Amino acid sequence: MPKDVRIGVASIIVQLAVVVHSLADDAKSLASTSECDGLHTVFLQHELFTGHSSRTHESNNSSSAAVTERSLPGANISGAADLSRIYCWAIVGVWEETITHIHQQMQQCGDHVLLSNFSDPDRNVSHIFYDDMSSNLVPDLQNRYWANVTLRFVQAWKHIVSVTAPNDFDWFVKVDADTFLRPRFIPKLVAGLDPSEPMALATQKDQRDGLRLQGPIEIISNAAVYGVHGHGRFFDDHWSVFLETPRCFGNNLCWFEDEFVTAAVQYHGGRMVNRVAEIPLPCTLREQQRTKRPSEVRRLCLKIGLVAIHPVKSAEEFEQLQYLDEFGLD
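Each value, and the rule that gives it
All chains use their own residue numbering, which begins from 1 and follows the written sequence. Predicted model: local features are reported for residues with pLDDT of at least 70 only, side-chain atom pairs are reported and counted for 80 or more only, and whole-chain, interface and lining totals are derived from all residues. Think of the side-chain values as coming from all heavy atoms in the structure, minus any hydrogens and water. Three labels apply to residues, based on accessible area from a 1.4 Å probe with only protein chains included: buried if under 20% of the type maximum, exposed if over 50%, partly exposed otherwise in between. Helix and strand labels come from DSSP, where a helix needs a run of H or I of at least four residues and a strand needs a run of E of at least two; each type is numbered from the N terminus. Criterion for a disulfide: a pair of cysteine sulfur atoms within 2.5 Å. Each helix should span, by expectation, one fewer than its residue count multiplied by 1.5 Å. Here the arc refers to the set of directions running from the helix axis out to each C-beta atom. Think of a nonpolar core as a cluster: buried Ala, Val, Leu, Ile, Met, Phe, Trp, Tyr and Cys residues, connected wherever their side-chain atoms sit within 4.5 Å. By definition, residues are in contact when any of their heavy atoms lie within 4.5 Å. The aromatic pairing rule takes the rings of Phe, Tyr and Trp, using the six-membered ring of Trp, and pairs them if the centres are within 6.5 Å, calling planes under 30 degrees apart stacked, those over 60 edge-to-face and the rest tilted. Axis definition: a line fitted to C-alpha atoms, limited for helices to the stretch in contact. Angles are taken between N-to-C directions and run from 0 to 180 degrees. Each angle gets one of four labels, with under 35 degrees taken as roughly parallel, over 145 as roughly antiparallel, 65 to 115 as roughly perpendicular, and the rest as oblique. Each crossing gets its hand from how the near helix is turned against the far one by less than a right angle, where anticlockwise is left-handed and clockwise is right-handed. Side-chain classes follow a simple rule in which Ala, Val, Leu, Ile, Met, Phe, Trp, Tyr, Cys and Pro form the nonpolar group, Asp, Glu, Lys and Arg form the charged group, and the remainder, Gly included, forms the polar group.

Caption draft 1: Representation of helix H9 (residues 257-267) within the structure. Burial analysis of H9 places nine of its eleven residues in the buried class, the great majority of the element. Here H9 has its buried residues at Glu257, Asp258, Glu259, Phe260, Val261, Thr262, Ala263, Ala264 and Val265. Positive phi appears at Gly269, one or two residues downstream of H9, with a value of about 90°.

The following block contains the structure:
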């Protein structure tokens, strides 16, 4: 058998093995959930809404007759987007130093939530995971191992649409837990784009497939999240995305969450919008590990009005950026 064929067959076998492993994990999760009694289930349903504004909760129960033209996605695409119609969220672990700071930054968004395996109403942390949030590692074709987090994020996106309504928000912004988010710059970034069309903002040129998202910040339209005009929600039917898209099939790349989202948005009829220049990689990747002047890099990123800086691992560094962001660089 030719070598390239052997490699292809081997990668497919590895991917199928990971799928089986993930399905087993899903089954165990469902089984443990089914053991909950009725009282715990009621408590859990309440807990899922913990930390959300009453506007978001009530909107799920409002009648369609109450929806105004302004509330429809895309009603104001001629100018800058309305920050109140931008929903921000992240997955956080109890070990994160920056949970309080992420919560503080996201208060500038129209609404926000942090998702985890514990609840903290004071910081808008909702309890939706019932494991230790560790991730198994899967190999790519170069036999490098990466954390498998895609299915956790699929679960998170399903939760997001369960606590919002289709007309609540124009844009959904997912960031990594170690991303310093500056929400006030998001409206300019999406100005002129129609959120009633399925799309995501690409932040990296990809030699394999044009443009793609980067995990530190992912900005996705209402239409891609909720599905319109015959297009599905981008996170639905995720196994088909794995098995039917060139980006995902046979190479394990889509166990990277941002690779999966790129493929999934396109699979469901969406497009990548080029925002590479507006969100430069030196500010959203580990530039401080490749330069002798990390503080200067961060100051440059603040000066150019960047929407996100990544990674920011410590509370001390996050607070320094918050101070510089509020009071200026001089």
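What follows continues from the structure just given.
Caption draft 2: Focus on the state of the cysteines. As enumerated under the stated definition, the model contains two disulfides in all. Note that Cys88 is cross-linked by a disulfide to Cys109, the S-S spacing being 2.1 Å. Residues Cys88 and Cys109 are joined by a disulfide whose S-S torsion is about -85°; by sign, that bridge is left-handed. Of this pair, Cys88 sits in strand E1 (residues 86-91) while Cys109 sits in the loop between helix H4 (99-106) and strand E2 (111-116); the two residues are 21 residues apart in sequence, bridging distant segments of the chain.

Caption draft 3: Molecular detail of helix H12 (residues 315-327). Spanning 13 residues, H12 covers 18 Å between terminal C-alpha atoms, matching the ideal 18 Å at 1.5 Å per step. Listed as buried for H12 are Ala315, Phe318, Leu321, Gln322 and Asp325. Seen from one end, H12 has its buried residues packed into an arc of 125°, which puts them on one side. Facing away from the buried surface of H12 by more than 90 degrees, the exposed residues are Glu316, Tyr323 and Phe327.

Caption draft 4: Structural view of unusual backbone geometry. In this structure, the amide linkage connecting His310 to the following residue, Pro311, adopts the cis form with an omega of -5°. Within the fold, Pro311 resides in the loop between strand E13 (308-309) and H12. Of note in the backbone geometry, Asn124 takes a positive phi value of approximately 55° without being a glycine. In the Ramachandran plot, Asp237 falls in the positive-phi region, its phi being about 55° despite a non-glycine side chain. With respect to the element layout, Asp237 can be found in the loop between helix H7 (222-226) and helix H8 (238-244). Given the relative accessible area of 43%, Asp237 is considered partly exposed.

Caption draft 5: Inspection of the nonpolar core at higher detail. Judged by nonpolar contacts, the single largest core of 41 residues is most densely connected at Trp89, Leu115, Val225 and Phe234. Those elements giving two or more residues to this core turn out to be E1, E2, helix H5 (150-162), strand E8 (199-202), H7, H8 and H9. Not counting residues within four places of it along the chain, the set of residues in contact with Phe234 comprises Trp157, Ile220, Ala224, Val225, Val261, Ala264, Val265 and His268. Counting 38 residues, the second largest nonpolar core, distinct from the first, contains Met106, Val173, Ile186 and Ile219.

Caption draft 6: Representation of the packing of aromatic side chains in the model. In total, this model carries 16 aromatic pairs according to the counting rule given. Here Trp157 and Phe172 contribute two aromatic rings whose centre-to-centre distance is 6.5 Å and whose plane-to-plane angle is 65°, an arrangement assigned as edge-to-face. Linking Trp157 in helix H5 with Phe172 in strand E6 (residues 171-175), this pair joins segments that are 15 residues apart in sequence. For the residue pair Trp157 and Phe172, the accessibility class agrees, reading buried in each case. Taking the centre distance of 5.3 Å and the plane angle of 80° together, the rings of Phe234 and Phe235 count as edge-to-face. Residue Phe235 is classed as buried on the basis of its relative accessible area of 0%.

Caption draft 7: Representation of the packing of H4 against H12 within the structure. It is the contact of H4 with H12, at a shortest axis distance of 9 Å, that shows an interaxial angle of 25°. With respect to each other, H4 and H12 are oriented roughly parallel. Crossing of H4 against H12: the hand is left-handed. On the side of H4, the interface is formed by His101, Ile102, Gln104 and Gln105, while H12 contributes Ala315, Phe318, Glu319, Gln322 and Asp325. Among the residues forming the contact of H4 with H12, the class breakdown is three nonpolar, four polar and two charged.

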